[in-house]
Amino acid sequence: MEPATAETLDWTDRLLEVDVGPVAHGGHCVARHEGRVVFVRHALPGERVRAVVTEDGGGSFCRADAVGVLTASPDRVEPACAWAGPGGCGGCDWQHATPAAQRALKATVVAEQLARLAGIEREVVVEELPGGPLDWRTRMRMAVTDDGRPGLRAHRSHEVLPVGDCPIAAPGALLPVLEREWTPTAEVEVVRDADGEVHAAELFEGARHPEIGSGTAHERAAGRTWTLPAAAFWQVHPHAADAVVDAVLEGVGDLAPGACAWDLYGGAGLIAAPLAERVGPEGRVVLVESDPDATAAAGECLADLPAVQVVRARVEKVLGALPGPPDVIVADPPRKGLGRGPAGELAGRGAARIVLVACDPAALARDVGALVEHGYRLDALRAFDAFPMTHHVECVATLLLA
């Protein structure tokens, strides 16, 4: 018999019995069957499971859901959410694991990505944030069914699952959204701010239509109160903003009065504010952000800090023109990371320290590797479980000019 080819191989809907291996980036574990890799969700390392193949592109790997556990890990628990299992909501990845096991899995992923993509061996500890694994998500996006009911999408699918609640959502965040109908096939952006006000806007055909709440969120972090449009970027976990700021300042170290700092992808100024307090009025903090809502909020919220200069632009477009040279650079890029080009350009400015904030371990590892190639070394790394029950993890890496 001739071996199956990429064009003919399709295990979709096959039931496999596999031994589950190590965790992989993306909320699944690695198993092997008949010479192929099987990425299995709803499983844990060391388990033996029955898994149904959910996707198969015919190549060297396929994707599957564990539908039966033959040998369970001691870290396995009953999920807190009825929608979290196979075929259910795709928002959570690790509801079947203890919180401590979730953090250990994430630490393994961060360490593996650093080793594989940056060539750096580093022990990683993912730190727990206050509040536990539930009731933390203050910002989320819901989909709308064809008959106007809000819901959440299945994993890697456009299917919308109507839900009556979400255990990881901040208390009260979803009730006013679930009580009403929305435009079929739209999306609903939901925010519950630090004052407990719920803001919801319908996103449909490229337009944003505020429907619930004032649209102006009030948040508290870094010893300040922030007033900003509800749609502007803010950390999702109520304790993440302070945790990130503390880690960044730890990485920045001492800044002399009059120093120059860059805060790239700076949002509404969460990190720029404490940087400005450190450099003093005679210093300079250059905040670069492309989102007009965020830069407008930064201008208002940081009006008492004369050191801050807000630049509304795409970072990669203005790097060569920013005032400097910077003593320190802080960068909190989108999920895809800086990229090799911008990372190299940052390194070329000669800052003594570069502090990276990242929510994707692979992007972090690629950026760290690029900076190391340009003469930096990884000095410190802190990781936070800012997204319990999911595979996401927030990291802050400090690099020193070698």
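Residues numbered from 1 in each chain as written. Predicted model: local features only at pLDDT ≥ 70, side-chain atom pairs only at ≥ 80, totals over all residues. Heavy atoms only, no water.

Asker: Please clarify how the sheet that holds strand β1 (residues 15-24) should be interpreted in this entry.
Answerer: What links the strands of a sheet is backbone hydrogen bonding, and the strands pair in either a parallel or an antiparallel sense. Within the closed barrel, the five strands sit side by side as β1-β2-β3-β5-β4. Their pairing is mixed. Strand-to-strand twist of the sheet, defined as the mean angle between neighbouring strand axes without regard to direction, takes the value 50°. As paired strands, β1 and strand β2 (residues 28-33) are joined by three bridges and run antiparallel to one another. If you follow Val23 over to β2, its bridge partner there is Cys29. (Pairing = 2+ DSSP bridges. Helix = DSSP H or I, 4+ residues; strand = E, 2+ residues; numbered from the N terminus. Axes fitted to C-alpha atoms, helices over the stretch in contact; angles between N-to-C directions.)

Asker: It is not clear to me how the pairing of strand β21 (residues 394-401) should be interpreted in this structure. Could you clarify?
Answerer: Strand residues, when the strand is regular, have side chains that alternate between the two faces of the sheet. Counting buried residues in β21 gives seven out of eight residues, a clear majority hidden from the surface. Taken together, the eight bridges between strand β20 (residues 376-384) and β21 define a ladder with antiparallel strand orientation. Bridge pairing in β21 places Tyr376 opposite Leu401. (Buried < 20%, exposed > 50% of the residue type's maximum accessible area, 1.4 Å probe, protein only.)

Asker: What should I look at first to understand the side chain of Asp367 in this one?
Answerer: Relative to the helices and strands, Asp367 resides in helix α8 (residues 361-373). Not counting the four nearest positions on each side in its chain, Asp367 is found in contact with Pro333, Gly337, Leu338, Gly339 and Leu356. (Contact = heavy atoms within 4.5 Å.)

Asker: Would you mind going over unusual backbone geometry with me for this structure?
Answerer: Glycine aside, residues mostly have negative phi angles, and peptide bonds mostly take the trans form. In the segment running from Gly324 into Pro325, the intervening peptide bond is cis, with an omega of 5°. For Pro325, the position within the fold is in the loop between α6 (315-318) and β18 (328-331). For Met389, which is not glycine, the phi torsion reads 80° and is therefore positive. Turning to its location among the elements, Met389 is positioned in the loop between β20 and β21.

Asker: Would you explain the environment of Val311 in this entry?
Answerer: Residue position: Val311 is located in strand β17 (residues 308-312). Between the C-alpha atom of Val311 and that of Leu264, which follows or precedes it by 47 residues, the distance is 9.6 Å. Ignoring anything within four residues of it in the chain, the contact list for Val311 reads Val286, Leu287, Val288, Glu289 and Thr295.

Asker: Can you help me understand the sheet that holds strand β12 (residues 207-212) in this one?
Answerer: As summarised here, the arrangement of the six strands in space is β9-β8-β7-β10-β11-β12, forming an open sheet in which the pairing is antiparallel. Edge positions in the sheet fall to β9 (160-162) and β12, since each has one partner strand and no second. Adjacent strand axes in the sheet meet at a mean angle of 40° when their direction is disregarded. Judged from the two bridges that link them, strand β7 (residues 139-144) and strand β8 (residues 150-153) form a sheet pairing that is antiparallel. Residue pairing for β8: Val144 is matched across the bridge by Pro150.

Asker: How do you make sense of the side chain of His42 when you look at a structure like this?
Answerer: Within the element layout of this structure, His42 appears in the loop between β3 (36-41) and β4 (48-55). Residue His42 is classed as buried on the basis of its relative accessible area of 8%. The contact partners of His42, leaving out residues within four places of it in the chain, are Asp65, Ala66, Arg76, Ala84, Gly85, Pro86 and His96.

Asker: Help me out: how do you make sense of the packing of helix α1 (residues 99-118) against α8 in this one?
Answerer: Packed helices, taken two at a time, are described by the angle their axes make and the gap between the axes. Packing of α1 against α8 brings their axes to within 8 Å, and their N-to-C directions diverge by 35°. The chirality of how α1 crosses α8 is right-handed. Where α1 approaches α8, its residues Val109, Val110, Gln113, Leu114, Leu117 and Ala118 are matched on the opposing element by Pro361, Ala362, Ala365, Arg366, Val368 and Gly369. The residue inventory of the contact of α1 with α8, partitioned by class, reads nine nonpolar, two polar and one charged. (Left-handed = near helix turned anticlockwise from the far one by under 90°. Nonpolar A, V, L, I, M, F, W, Y, C, P; charged D, E, K, R; others polar.)

Asker: Explain the state of the cysteines here, please?
Answerer: Such a bond, covalent and formed between the sulfur atoms of two cysteines, is termed a disulfide. According to the stated counting rule, one finds zero disulfides in the structure shown. Left without a disulfide partner, Cys166 is nearest to the cysteine sulfur of Cys92, which lies 6.1 Å away. We classify Cys166 as buried; its relative accessible area is 10%. (Disulfide = S-S within 2.5 Å.)

Asker: Any chance you could explain the packing of aromatic side chains here in plain terms?
Answerer: Each aromatic ring pair is described using two quantities: the centre-to-centre distance and the angle formed by the ring planes. Under the counting rule described, the total for this entry stands at three aromatic pairs. An angle of 50° between the planes, with centres 5.8 Å apart, marks the rings of Trp226 and Trp234 as tilted. The ring centre of Trp11 lies 4.8 Å from the NZ or CZ of Arg14, which sits over that ring. In this arrangement the basic side chain of Arg180 is found over the ring face of Trp182, its NZ or CZ atom lying 4.0 Å from the centre. (Phe/Tyr/Trp six-rings, centres within 6.5 Å; stacked < 30°, edge-to-face > 60°. Lys NZ or Arg CZ within 6 Å of the ring centre and 35° of its normal.)

Asker: Is there a simple way to explain the nonpolar core in this structure?
Answerer: In a soluble, globular protein the nonpolar side chains are often hidden away together inside. One finds Trp226, Val248 and Leu275 to be the most contacted residues of the largest nonpolar core, which totals 68 residues. In terms of residues, this core owes the most to one element, helix α3 (residues 240-252), which gives nine residues. Residues in contact with Trp226, not counting those within four places in the same chain, are Ala217, His218, Glu219, Arg220, Ala221, Trp234, Ala268, Gly269, Leu270, Ala273, Cys301 and Leu302. Counting 42 residues, the second-largest nonpolar core is a separate cluster that includes Ala313, Leu346, Ala370 and Leu399. (Core = buried A, V, L, I, M, F, W, Y, C linked by side-chain atoms within 4.5 Å.)

Asker: Quick question: what am I supposed to make of the environment of Arg41 here?
Answerer: Among the secondary structure elements, Arg41 is positioned in strand β3. Distance from Arg41 to Thr12, taken between C-alpha atoms, is 15 Å for residues 29 residues apart in sequence. If we ignore the near neighbours within four places in the chain, the residues touching Arg41 are Gly27, His28, Ala64, Asp65, Ala66, Cys89, Gly90, Cys92, Asp93 and His155. One polar contact links Arg41 to Asp93, side chain to side chain, over a distance of 2.7 Å. (Polar contact = N/O pair within 3.5 Å; in protein donor to acceptor, adjacent residues only side chain to side chain.)

Asker: Help me out: how do you make sense of helix α4 (residues 272-279) in this one?
Answerer: Every α-helix winds through 3.6 residues per turn, so residues three or four apart in the chain are directed the same way. For α4, a buried count of six out of eight residues is recorded, marking the element as mostly surrounded by other parts of the structure. On its buried face, α4 sits against β14 (224-229), α3, β15 (260-264), β16 (284-289), β17 and β18.

Asker: Hey, could you run me through the packing of α3 against α4 in this one?
Answerer: Two elements in contact, α3 and α4, have axes separated by 10 Å at closest approach and are oriented at 35°. In the packing of α3 onto α4, the handedness of the crossing is right-handed. Two secondary-structure elements touch here, α3 through Val245, Leu249 and Val252 and α4 through Pro274, Leu275 and Arg278. Within the contact of α3 with α4, the residues separate by chemical class into five nonpolar, no polar and one charged.

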